[in-house]
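So the chains spell out like this:
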Amino acid sequence: MGLSVWESGAFHRQPHLAVVGGGIVGLFSALFYKRQPPGHHVVVLEGGPFPSGASMKNAGFACFGSPSELLADIAKEGMDAALLRVEERWKGLLELRAELGDATIGFEGTGGHEVYRSGDPLYPQVAEGFDGLNAALRPIFSRTVFEWANGEIARFGLSGAEHLVRTDLESPIHTGMMMDALLRKVQSEGVLLRTNVHVGDLEERPERVRILLDDGSLVAEAARVLVATNGYSTTLLPDLDVVPARGQVLLTKPIEGLALRGTFHLDEGFYYFRDYQGAVLLGGGRNLDIAKETTMVEGTTLRIQGALEDLLRTVILPGREFTIAQRWSGIMGFGAKSKSPIIERRSERIAVAVRLGGMGVAIGIRVARKAVELIA
Ligand SMILES: Cc1cc2nc3c(=O)[nH]c(=O)nc-3n(C[C@H](O)[C@H](O)[C@H](O)COP(=O)(O)OP(=O)(O)OC[C@H]3O[C@@H](n4cnc5c(N)ncnc54)[C@H](O)[C@@H]3O)c2cc1C
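Peer 1: Help me out: how do you make sense of the overall build of the protein in this one?
Peer 2: When you go through the protein residue by residue, the secondary structure sums to eleven helices and 19 strands. Relative to the compact-globule value of 21 Å for 376 residues, the protein shows a C-alpha radius of gyration of 21 Å, a close match. Taking the principal axes of the C-alpha coordinates as reference, the protein spans close to 70 × 45 × 40 Å. For the protein, with 376 residues in total, the buried portion stands at 54%. Total accessible area computed for the protein in this model is approximately 16,200 Å², and 53% of it derives from carbon and sulfur atoms. Measuring between centres, the 40 positive side-chain charges of the protein sit 3 Å from its 45 negative side-chain charges.

Peer 1: Before we go on, may I ask you to explain empty space enclosed by the protein in this structure?
Peer 2: Taking a probe equal in size to a water molecule and rolling it over the atoms shows the remaining empty space. Counted according to the given criterion, the structure contains one cavity of 30 Å³ or more. Of the pockets and cavities examined, the largest cavity occupies roughly 30 Å³. If you go around the largest cavity, the residues you meet are Gly-65, Ser-66, Pro-67, Gly-112, His-113, Glu-114, Phe-146, Val-165, Thr-167, Glu-170 and His-265. Mapped onto the lining of the largest cavity, the elements with two or more residues apiece are β4 (112–117) and β6 (161–167). In terms of residue count, β4 provides more of the lining of the largest cavity than any other element does, three residues in total. For the lining of the largest cavity, the per-class residue count stands at three nonpolar, six polar and two charged.

Peer 1: Explain the site of the ligand here, please?
Peer 2: Close to the ligand lie 39 residues; Glu-46, Gly-47, Ser-55, Phe-61 and Val-199 are nearest. For the ligand, an oxygen atom lies 3.1 Å from a polar atom in the backbone of Val-25. A distance of 2.6 Å separates an oxygen atom of the ligand from a polar side-chain atom of Glu-46. Out of a free accessible area of 1,000 Å², the ligand has 97% covered by protein chains. Where the shell around the ligand is concerned, the elements lending two or more residues are α2 (24–35), β13 (243–252), β17 (324–334) and α11 (360–375). Among the residues forming the shell around the ligand, the class breakdown is 20 nonpolar, 17 polar and two charged.

Peer 1: Please explain the layout of surface pockets as it appears in this structure.
Peer 2: Of the volumes computed, that of the second largest pocket is approximately 320 Å³. What lines the second largest pocket is a set of 16 residues, among which Met-56, Asn-58, Thr-175, Leu-281 and Trp-328 lie closest to the centre. Elements with a contribution of two residues or more to the lining of the second largest pocket: α8 (175–188), β15 (271–276) and β17. Broken down by class, the residue content of the lining of the second largest pocket amounts to seven nonpolar, six polar and three charged.

Peer 1: Got a minute to help me understand the pattern of salt bridges in this structure?
Peer 2: Side chains that carry opposite charge are capable of pairing whenever their charged atoms lie near each other. Tallying each qualifying case throughout the model produces 30 salt bridges. Ionic pairing is found between Arg-366 and Glu-95, a salt bridge with its closest N-O pair at 2.6 Å. Of this pair, Arg-366 sits in helix α11 while Glu-95 sits in helix α4 (residues 79–100); the two residues are 271 residues apart in sequence, bridging distant segments of the chain. Each member of the pair, Arg-366 as well as Glu-95, is classed as buried. Glu-221 is the partner of Arg-208 in a salt bridge, and the nearest nitrogen-oxygen pair spans 2.7 Å. With Arg-208 in the loop between β9 (199–204) and β10 (209–213) and Glu-221 in strand β11 (residues 218–222), this pair connects stretches of sequence that are 13 residues apart. Accessibility expressed as a relative area gives 30% for Arg-208, which makes it partly exposed. If you follow the salt bridges from partner to partner, you end up with Glu-69, Asp-73, Glu-77, Arg-85, Arg-89 and Lys-339 in one network.

Peer 1: Help me understand the sheet that holds β10, please; the structure alone is not making it clear to me.
Peer 2: Hydrogen bonds along the backbone pair up the strands of a sheet, which may run parallel or antiparallel. With respect to topology, three strands assemble into an open sheet ordered β9-β10-β11, the strand pairing being antiparallel. The strands lining the two open edges of the sheet, one partner per strand, are β9 and β11. Strand-to-strand twist across the sheet, computed as the mean angle between neighbouring axes with direction ignored, equals 20°. Across four bridges, the pairing between β10 and β11 is antiparallel. Looking at β11, one finds that Arg-210 is bridged to Glu-221.

Peer 1: Even after reading the chapter, I still don't get the pairing of β15, so can you show me in this structure?
Peer 2: Where a strand is regular, its side chains alternate between the two sheet faces. Within β15, five of the six residues are buried, which leaves it mostly tucked inside the rest of the structure. With four bridges joining them, strand β14 (residues 263–266) and β15 adopt antiparallel strand pairing. Among the inter-strand pairings, Leu-266 is bridged to a residue of β15, identified as Tyr-271. Hairpin connection from β14 to β15: four residues lie between these consecutive antiparallel strands, with Asp-267 at a positive phi of about 55°. Note: β15 against strand β16 (residues 279–284), six bridges, orientation antiparallel. When the sheet's bridge partners are listed, Tyr-276 is paired in β16 with Ala-279. Counted along the chain from β15 to the antiparallel partner β16, the turn is two residues long, and its residue Gln-277 has a positive phi close to 50°.

Criteria and thresholds
- Numbering of residues starts from 1 in each chain and follows the order in which that chain's sequence is written.
- With the structure being a predicted model, the display of local features is reserved for residues of pLDDT at least 70 and the display and counting of side-chain atom pairs for 80 or more, all residues being used for whole-chain, interface and lining totals.
- Water and hydrogen atoms play no part in the side-chain values, which are based on all heavy atoms of the structure.
- Put simply, DSSP marks the helices as runs of H or I at least four residues long and the strands as runs of E at least two long, and each gets a number from the N terminus on.
- The size measure is the radius of gyration over C-alpha atoms, and the globule rule it meets is 2.2 Å times the number of residues to the 0.38 power.
- Summary of the burial criterion: residues with accessible area below 20% of their type's maximum are buried, those above 50% are exposed, and those between are partly exposed, where the area comes from a 1.4 Å probe applied to protein chains only.
- The accessible surface values rely on the Shrake-Rupley method and a 1.4 Å probe; as for residues, cover is taken only from the protein chains in view.
- We score Asp and Glu as negative and Lys and Arg as positive, and we do not count His or the chain ends.
- A charge is said to be at NZ when it belongs to Lys, at CZ for Arg, at CG for Asp and at CD for Glu.
- A cavity here means a set of 1 Å grid points, computed over protein atoms only, where a 1.4 Å probe fits but cannot escape. A pocket is an open set with protein on both sides within 12 Å along at least 5 of 7 lines, and lining residues have an atom within 4 Å of a point.
- Grid points are joined across faces, edges and corners, and a volume is the space filled by probe spheres set on the points.
- Any residue that is not Ala, Val, Leu, Ile, Met, Phe, Trp, Tyr, Cys, Pro, Asp, Glu, Lys or Arg is counted as polar, Gly included; the first ten are nonpolar and the last four charged.
- In these notes, residues near a molecule or strand are those with any non-hydrogen atom within 4 Å of it.
- As used in this structure description, the phrase polar contact means that two N or O atoms lie within 3.5 Å; if the pair is within protein, one of them must be able to donate a hydrogen and the other to accept it, and residues adjacent in sequence are counted only when both atoms belong to side chains.
- A side-chain nitrogen of Lys or Arg and a carboxyl oxygen of Asp or Glu constitute a salt bridge if their distance falls within 4 Å.
- The criterion for strand pairing is that DSSP finds at least two bridges linking the strands in question.
- For helices, the axis comes from a line fit to the C-alpha atoms of the stretch in contact; other axes are also lines fit to C-alpha atoms, and the angle between any two N-to-C directions lies between 0 and 180 degrees.

Structure follows, in C-alpha cells:
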C-alpha cells in the first residue's frame, strides 16, 4: 500500500536523528538535538504506548546520594571519582529544575534524610566520616550539605530509628508531572514521538541506519541513531555492560495525619520512602533476592513486598492501620563493573546513552546533553 504525499512528507519523513527509547534520557536527547541549528527532523521511537520504563516508575527522589552511600562509594572508588558523580547529579538536578520549572515537576523542597535504626552497623561509619564528607562536598555545593537531625525522628512518627541525617538540598518531585511536561515540551519544539514502536534491530549502511521492528519490517531510515533504552539495552546491543535491575514499589492509601515529609533513605539506599499526597510511597529490597530481581520482566514478589510491608509496620507507620493502594515495579540499568553511565559511539552512525542506575532523575538531563555533544 502506497503512502500519500502528505504521509511521506510528514509522519513518515526520514529523520536525521532517531532516538530509540522515550524515557528521560531519550526525550531530553531528542529535545537538545532538535534545538541545534539547523533544527533537523528528530523522531523518538518508544516501544510502549507511552514512556514505559523507569522514568515513569521511579520514586521521584531528586537526590544525589545519602551519607552512607557516598562514604561507601568513596571507600570503593576513591574520593575523586565519587565526588565527580555527586557533582554530575547536583548539576543535573539544577538543570532539570531550570529547564522544566519547580512547580511543573512538583518539586516540594521538603528535604532528604537518611535513617539509622537501633544497632545499624552503618551508623558508626557515617558518624566517623560525617565531618570529612561534609568538607569534601563543600566545594560542590558551596555550603554544608548534611546535618544531624535526631530530634526530628519523633516529629516524622518514625519508630526504631535512633539517628537521622537531613539535607534540605534534596526533595521529592512528582514524576508523572515531570514526564508529562517533558513530553509536551519535546513535541511542542517539533520532535515527532512515535509510540508502540518496539525496535528489534539496527542495520548500519554507509549513508544511513535502517531501523527494524521485531518482525523485521522497516520503521524508518535515519542518518543517526541514539539508543536510550537503559535497562532493556542488551536486547538490541547484547555486548553492552548493562544489567537489568528490577525495583519494586508500593503506595499506601492516604494515612490520616501522616507526619512524614520529604525523602528518606535507609540501609545504604536499599530502601527509600517518601510522602505522596498524604500516603507513603516505599520501594527497595532488591538486595533480598538479587538473582530474581536481575530481570527485564516487570512484576512484584511476595518476598520483597512482604519486607516492604514489614518496614511500614515497624519503622514508618508503627501502630497505624494501613492499606496498600498500588504496587508496581520498574527496570533500571546497572553496570557489572561501573556505576557510571555509558555515553559512547558504537559506530559511525549509532551511539548509546544508557546505564543510569538508580539516579536517572538527577543525571538524565546531563547524560542527554553529553550524548548530543557526541553525535552532533
Ligand atoms: C522503582 C524505581 C525507583 C527509582 N527511583 C528513582 C529516584 O527516586 N530518583 C532517581 O533519580 N532515579 C530513580 N530511579 C531510576 C530512574 O528512574 C532511571 O535511572 C531513569 O528513569 C532512566 O531513564 P532512561 O531514559 O535511561 O530509561 P527508561 O526510562 O527506562 O527509558 C527507556 C525507554 O526505552 C523504551 N524501550 C526499551 N526497549 C525499546 C526498544 N527496543 N524499542 C523502543 N523502545 C524501547 C522503554 O519502553 C522505555 O520507555 C528509579 C528506578 C526505579 C525502577
